[in-house]
Structures are given as structure tokens and as C-alpha cells.
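Chain by chain, the residues run as shown.
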Amino acid sequence: MRKNRAMVHSVAMLALDGVVGFDLGVPPQVFGAARDPDNRFLYSVTTCGDGPGPVRPERGGFQIVPDHDLSPLATADTVLVPGVSGGTTMTDGKVSPAVTEALRAAHARGARIISICTGASVLAAAGLLDGRTAASHWAWAKRLTRLYPQVNWDFDVLFVDDGDVLTSAGVAAGVDLCLHVIRQDHGSSVANQAARRCVVAPWRDGGQAQYIEQPVPAVAGAGTEPARAWALSRLAEQLSLEELAGHARMSVRTFTRRFRDETGLSPLQWLLQQRVAHARLLLESTDLSIDVVARRSGLGSATALRQHLRATIGVAPSAYRRAFRQT
């Protein structure tokens, strides 16, 4: 949300019964770590509840008393719904009329809507995900698909950015999504600084597929991480699959299988993802020409950079750079 650059961006979290404690704690921590050059906060986070009284989390033996009722959802720049467990949105596909009305009104007036993990079930129950692609925790794939068949669920990714509605997978993927929002609002430098403050990776490779329960026997020294680090230091070079496998001292077939097990992506998909991410960083933080950005990121030409950036985030390099220069 770029409309209030000079102002603190307000985030209203909606805590419902069964809220996942980790999901509720992540946004204040991550958004609170986003600061301007004068160390001033860029976001404010408030917690709301559906009516008076405390909210009981999914587990932990404690209660949460939100400071507000649903009223902040009427003015917040961003409305965020943490994960829920055992509530009606996860059992029979229903949410209270008051919550439905508040969420729909927030969306209608242009607020950005975010969910973490099974918080997507609240958005789905309110009708905000109909016909959209959305993410949630892979472990709930069958139930969510059954309860909300009108949603195009993607249980392979860490998060989905569908413009005005963003959804993430479970637990730590909420961190990824919050950092993505900061990156979109204020650029990579601020997002990376926030990640350092929180002692987390500013960007995680791959998707949920690497975390689904399909364990691969650990073999000491046989992972693909060294090859990935080697590739990241050579993004400008035209690396082949054979070179990557050779650096890992594996056959191409073995390397490809283990790489996908560890990242959820094929080696070449991962490499393209890293090159596009590096190109975005160069566009945000340097005055290099589009041609030079394309060469330094390994995409080869300005035409290729335009194609991949448009396919990834839907804009041309020049438009992307202008957006961040307005920060």
C-alpha cells in the first residue's frame, strides 16, 4: 500500500477464538522491525476481537484480551487475520456475520487483506477468496479444499500475492509474507534490515513442498546447499545443470532429485527465481541501466528481464524501478 508513504501504515489484526499464538505474535514483531532512516516506525499494529472479552488461543493455557473490537478494521490500511484452529471456519465453513461484514467492508474500501496459515479459512468463509488463488498450510489441504471449493488453493508455495489479498502458508511462512509486504511497501533495504532485526532470512528459497512429510534420508555432506551458495555467487554466469551437479559431485539425476527434495523446485527454476530476485534488488537500489541489470543478474538481455519480471510481478523493469524511487 503506497498511498501513505509519509505516514505510519496501520495494521489491524483480527484475533478469533482458536487463534494460533505464533501467527498472532509475528506481525507486531516483523512490522515493528521496519524503520525509516531516522529509526522511526513505519507500521503500527493493533489487535481486534469479535466482541468483548478474551480470546483463547489454540493451545498454551492462556487468554488474549484484544484492545479493540472490530472497529479498527474500518480504517486500517491493512487487515491481517492470523491462523485459527478448531473454529467454525475450520469445521463447517462459517464465520460470524459481524466479521464477514467488517472484512468485506475493509476490502471494498481498498484495504489490503492478509492471512497467515489457516487464517485463509476466515477470508474464504467471508467470501473474499472466491475465484482467487490462495495459500494455506499443506496439512489442511483436504479440509480446506472440501470446505471452500470455490478457492483455487495452492499448497506448494510459501505465500500468494494476489494484489489486494495476500495469503501465506503456516507458521514461519507468516514471517515470509510480512517481509514481502515490507519489501513491496518500502524496498529491499528496509525489508532486509527488518529481517536482520528479527534474526531471520530475508528471503527463503522454494516453497512448502520442501516441508511436506516425505522425509529423505540424511546423508552427511551430500546436500545441495553448497552448490546453491556457489551458484548465488555466480548469477551473472550462464550456469548449466551439469555444472551445478558437478560442483555437488553428483550425477545430474541425483542432484535434480535431491535439489527438489530440499527446495521444492528444480535447479533451473530455483536459479531463475534467484536471478529475478537479484534483478529486483538492483533495480531498487542502483541506477544501473536495464541492460546492465539483466547481464549482472544472469538474465542476459533487457528483453528477457522484461519477460521474466512481468511474468513474476506483472510490471516492466522501468515501472518497477519508478515505484521504488517514489518511496
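Further up the page is the structure itself.
Residues numbered from 1 in each chain as written. Predicted model: local features only at pLDDT ≥ 70, side-chain atom pairs only at ≥ 80, totals over all residues. Heavy atoms only, no water.

A. Fine view of the overall build of the protein. Helices and strands together make up the secondary structure of the protein, namely 14 helices and 8 strands. Projected onto its principal axes, the C-alpha positions of the protein cover 60 × 45 × 35 Å. Counting the 327 residues in the protein, one finds 50% classified as buried. When contacts within the protein are restricted to residue pairs at least 6 apart in sequence, those whose partners lie at least 24 apart make up 65%. Surface exposure of the protein reaches about 15400 Å², of which carbon and sulfur atoms provide 53%. (Helix = DSSP H or I, 4+ residues; strand = E, 2+ residues; numbered from the N terminus. Buried < 20%, exposed > 50% of the residue type's maximum accessible area, 1.4 Å probe, protein only. Contact = heavy atoms within 4.5 Å. Areas by Shrake-Rupley, 256 points an atom, 1.4 Å probe, with all protein chains shown as cover.)

B. Summary view of the packing of helix α6 (residues 173-186) against helix α7 (residues 188-198). For the pair α6 and α7, interaxial distance at closest approach is 7 Å and the crossing angle is 150°. With respect to α7, the axis of α6 lies roughly antiparallel. Between α6 and α7 lies a crossing of right-handed hand. In contact with Leu 179, Ile 182, Arg 183 and His 186 of α6, α7 contributes Ser 188, Val 190, Ala 191, Asn 192, Ala 194 and Ala 195. Considering only residue class, the contact of α6 with α7 consists of 6 nonpolar, 3 polar and 1 charged. (Axes fitted to C-alpha atoms, helices over the stretch in contact; angles between N-to-C directions. Parallel < 35°, antiparallel > 145°, perpendicular 65-115°, else oblique. Left-handed = near helix turned anticlockwise from the far one by under 90°. Nonpolar A, V, L, I, M, F, W, Y, C, P; charged D, E, K, R; others polar.)

C. Layout of the packing of aromatic side chains. All told, the structure shown has 4 aromatic pairs when counted by the stated rule. With a centroid separation of 5.5 Å and an interplanar angle of 55°, the aromatic rings of Phe 255 and Phe 259 are classed as tilted. With Phe 255 and Phe 259 both in helix α10 (residues 252-263), this residue pair falls 4 residues apart, about one helical turn. Judged by its relative accessible area of 1%, Phe 259 is buried. The interplanar angle of 70° and the centroid separation of 5.5 Å between the aromatic rings of Phe 259 and Trp 270 together place this pair among those described as edge-to-face. A residue pair is termed long-range when its members are at least 10 positions apart, and Phe 259 in helix α10 and Trp 270 in helix α11 (residues 267-285) qualify at 11 residues. Residue classification places Trp 270 among the buried residues on the basis of a relative accessible area of 1%. Clustering of aromatic rings is evident, with ring pairs tying together Phe 255, Phe 259 and Trp 270. The side chain of Arg 228 reaches across the aromatic face of Phe 259, ending 5.8 Å from its centre. (Phe/Tyr/Trp six-rings, centres within 6.5 Å; stacked < 30°, edge-to-face > 60°. Lys NZ or Arg CZ within 6 Å of the ring centre and 35° of its normal.)

D. Highlighting the sheet that holds strand β7 (residues 159-161). Spatial strand order, β2-β1-β3-β4-β8-β7: 6 strands in an open sheet with mixed pairing. Both outer strands of the open sheet, β2 (43-49) and β7, are each paired with one neighbouring strand and no more. The mean angle between the axes of side-by-side strands here comes to 20°, regardless of whether they run parallel or antiparallel. For strand β1 (residues 9-15) and β2, the ladder comprises 7 bridges, and the chain directions are parallel. Counterpart to Ser 10 in the pairing with β2 is Ser 44. (Pairing = 2+ DSSP bridges.)

E. Molecular detail of the state of the cysteines. In the structure shown here, the tally under the stated rule is 0 disulfides. Cys 178 takes part in no disulfide bond, and the closest cysteine sulfur, belonging to Cys 198, lies 9.2 Å away. Owing to a relative accessible area of 2%, Cys 178 belongs among the buried residues under this scheme. (Disulfide = S-S within 2.5 Å.)

F. Region of the structure containing the pattern of salt bridges. Counted under the stated rule, the structure contains 6 salt bridges. Glu 262 is the salt-bridge partner of Arg 228, the closest N and O atoms lying 2.9 Å from each other. Taken together, the residues span a long stretch of sequence, with Arg 228 in helix α8 (residues 225-232) and Glu 262 in helix α10 at a distance of 34 residues. Of the residues examined, Arg 228 reaches a relative accessible area of 13% and is grouped as buried. (Salt bridge = Lys/Arg side-chain N within 4 Å of Asp/Glu carboxyl O.)

G. Focus on the pairing of strand β8 (residues 165-168). Across the two faces of β8 the burial is the same, with Val 165 and Thr 167 and Leu 166 and Ser 168 all buried. Here β7 runs beside β8; their pairing, made up of 3 bridges, is antiparallel. From the neighbouring strand, Val 160 faces β8, where its bridge partner is Thr 167.

H. Representation of the nonpolar core. With 34 residues, the main nonpolar core has Leu 103, Leu 129 and Trp 153 as its most contacted residues. Secondary structure elements with two or more residues in this core: β1, β3 (78-81), α3 (97-108), α4 (119-125) and α5 (141-147). With near-sequence residues (within four places) excluded, Trp 153 lies in contact with Ala 120, Ala 124, Leu 129, Ala 134, Ala 135, Ser 136, Leu 144, Thr 145 and Tyr 148. One finds Tyr 43, Ile 114, Phe 159 and Leu 166 within the second-largest nonpolar core, a separate group that totals 32 residues. (Core = buried A, V, L, I, M, F, W, Y, C linked by side-chain atoms within 4.5 Å.)

I. Seen up close, unusual backbone geometry. Residue Val 171 is not a glycine yet carries a positive backbone phi of 50°. Of note, Val 171 is situated in the loop between β8 and α6. One non-glycine residue, Val 199, adopts positive backbone phi at about 55°. Secondary-structure assignment places Val 199 in the loop between α7 and α8. The class of Val 199 is exposed, set by a relative accessible area of 73%.

Everything listed is a geometric property; what it means functionally is a separate question.
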